[in-house]
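Summary of structural features
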Amino acid sequence: MPIISTEDNYLTVLNLFTTDTPEHQDQLLTEMGKIVDAATYEGWISSTVHAGQDSPGTANLIQWRSGEDLEKRYSGEEFRHRTLPVFREITTAIRLLQNEIVFTQTHPDLAGRVEVSPDRDDYTAIEVHRVAEADQADLIKLLGEGRDWLVNVPGYRSHSVFKGLRAMFVEGAFAVVYSQWDSKESYDAFRGLPDERKPEPRRANEERVAELTIESDANTYRVVHTRAAGA
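Residues numbered from 1 in each chain as written. Predicted model: local features only at pLDDT ≥ 70, side-chain atom pairs only at ≥ 80, totals over all residues. Heavy atoms only, no water.

Counting its regular elements, the protein contains six helices and ten strands. For 231 residues, the compact-globule estimate of 2.2 N^0.38 gives 17 Å, and the protein sits close to it at 17 Å. With respect to the three principal axes, the spread of C-alpha positions in the protein is 55 × 35 × 35 Å. The burial tally for the protein puts 50% of its 231 residues in the buried class. (Helix = DSSP H or I, 4+ residues; strand = E, 2+ residues; numbered from the N terminus. Rg over C-alpha atoms; globule rule 2.2 N^0.38 Å. Buried < 20%, exposed > 50% of the residue type's maximum accessible area, 1.4 Å probe, protein only.)

Structure (structure tokens):
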């Protein structure tokens, strides 16, 4: 199963698709599954498909050996003339984000290992934060090291911070938080906690994140399919 780690030095691509109906989400999942199951691209390591929960859409977490390998895929005839047109027909937005994994943290029970697999029951949240380039490093620190208090939140399993390197269909600098939770209930309880009940470290952290963030959005997911090179 794929591991999110700062040590592998993979280029981590997060392809996010939004759509307007559950039926279109099912179409997206079918198309993505076909691509993942047929993948033989040079430098491709793994792909893991996520199904949207709070809002219709999908996420594909893809590991590549290098940016050069990814660019060969993006410049290929199949991607430009079949893959993108099909996705554009059934989506309302497409974001193809290239990232470096810069931080991971887990609940002590997970011993520092962030696994991504349909065999697990993680309730996954993905947040995308757009930020001024000059503030990207500060925001990443707040989203990562600045959230050590998360280990005490009921239902928390892990969170990882991706540094945005470049993107298609996204303007400017960005950072991504990929977090795993025990359940929808635990995640919703965390998100819905009133400000007056939040511990001071959390309030201070969230206020500073809001100051630095130009725009942010989030959706929740379940992992539904994965495949690695050679499988």
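Back to the text.
Quick look at the packing of helix α4 (residues 136-143) against helix α6 (residues 200-212) now. It is at 10 Å that the axes of α4 and α6 come closest, and there the two elements cross at 155°. With respect to α6, the element α4 is oriented roughly antiparallel. Of the two possible hands of crossing, α4 and α6 adopt the one that is left-handed. Facing α4, whose interface residues are Asp 138, Leu 139, Leu 142 and Leu 143, α6 presents Asn 205, Arg 208, Val 209 and Leu 212. The residue inventory of the contact of α4 with α6, partitioned by class, reads five nonpolar, one polar and two charged. (Axes fitted to C-alpha atoms, helices over the stretch in contact; angles between N-to-C directions. Parallel < 35°, antiparallel > 145°, perpendicular 65-115°, else oblique. Left-handed = near helix turned anticlockwise from the far one by under 90°. Contact = heavy atoms within 4.5 Å. Nonpolar A, V, L, I, M, F, W, Y, C, P; charged D, E, K, R; others polar.)

With antiparallel pairing, eight strands are arranged side by side around a closed barrel as β2-β4-β3-β10-β7-β9-β8-β5. The mean inter-strand angle of the sheet, taken between neighbouring strand axes irrespective of direction, is 35°. Pairing between strand β3 (residues 44-52) and strand β4 (residues 57-64): seven bridges, direction antiparallel. Residue pairing for β4: Thr 48 is matched across the bridge by Leu 61. Here helix α2 (residues 67-75) sits on the sheet in contact with β2 (11-18), β4, β5 (93-106) and β8 (156-168), set at roughly 35° to β2. (Pairing = 2+ DSSP bridges.)

So, about empty space enclosed by the protein. Applying the stated criterion to the full structure yields two cavities of 30 Å³ or more. In this structure, the largest cavity occupies an estimated 220 Å³ of space. Around the largest cavity sit 21 residues that line it, and Asn 15, Ile 35, Asn 60, Ile 62 and Arg 73 are the ones nearest its centre. Mapped onto the lining of the largest cavity, the elements with two or more residues apiece are β2, α1 (22-38), β3, β4, α2 and α3 (77-90). Of the residues contributing to the lining of the largest cavity, the split by class is 16 nonpolar, four polar and one charged. Looking at the second largest cavity, the residues that line it are Glu 127, Arg 147, Leu 150, Tyr 156, His 159, Val 177, Ser 179, Trp 181, Tyr 187 and Phe 190. For the lining of the second largest cavity, the secondary structure elements donating two or more residues are β8, β9 (173-181) and α5 (184-192). A total of three residues in the lining of the second largest cavity trace back to one element, the largest contributor, which is β9. (1 Å grid on protein atoms, 1.4 Å probe; cavity = no way out; pocket = protein on both sides within 12 Å on 5 of 7 lines; lining within 4 Å. Points joined across faces, edges and corners; volume = space filled by probe spheres on them.)

Looking now at the layout of surface pockets. For the largest pocket, the calculated volume is near 310 Å³. Glu 127, His 129, Arg 147, Arg 191 and Glu 206 are, among the 14 residues lining the largest pocket, the residues nearest its centre. Estimates place the volume of the second largest pocket at around 180 Å³. Forming the boundary of the second largest pocket are Trp 149, Asn 152, Val 153, Pro 154, Ser 186, Ala 189, Phe 190, Leu 193, Pro 199 and Arg 202. Considering every element that reaches the lining of the second largest pocket, the biggest residue donor is α5, with three residues. In the lining of the second largest pocket, the residues fall into seven nonpolar, two polar and one charged.

Moving on, we get to the nonpolar core. With 22 residues, the main nonpolar core has Val 13, Phe 17, Trp 64 and Phe 87 as its most contacted residues. For this core, the element with the highest residue contribution is α1, accounting for five residues. With residues near it in sequence (within four places) discarded, Trp 64 still touches Tyr 10, Leu 11, Val 13, Tyr 41, Glu 42, Gly 43, Trp 44, Ile 45, Asp 69, Leu 70 and Arg 73. Counting 18 residues, the second largest nonpolar core, distinct from the first, contains Leu 61, Ile 126, Val 176 and Val 223. (Core = buried A, V, L, I, M, F, W, Y, C linked by side-chain atoms within 4.5 Å.)

Attention shifts here to the packing of aromatic side chains. Per the counting criterion, the structure on display carries nine aromatic pairs. Look at Tyr 156 and Trp 181: their rings are 5.7 Å apart centre to centre, the planes differ by 80°, and that puts the pair in the edge-to-face class. Taken together, the residues span a long stretch of sequence, with Tyr 156 in strand β8 and Trp 181 in strand β9 at a distance of 25 residues. When its relative accessible area of 3% is taken as the criterion, Tyr 156 is described as buried. Classification of Trp 181 by relative accessible area gives buried; the value is 2%. Put simply, the rings of Tyr 123, Trp 149, Tyr 156, Trp 181, Tyr 187 and Phe 190 pair up and form one aromatic cluster. (Phe/Tyr/Trp six-rings, centres within 6.5 Å; stacked < 30°, edge-to-face > 60°.)

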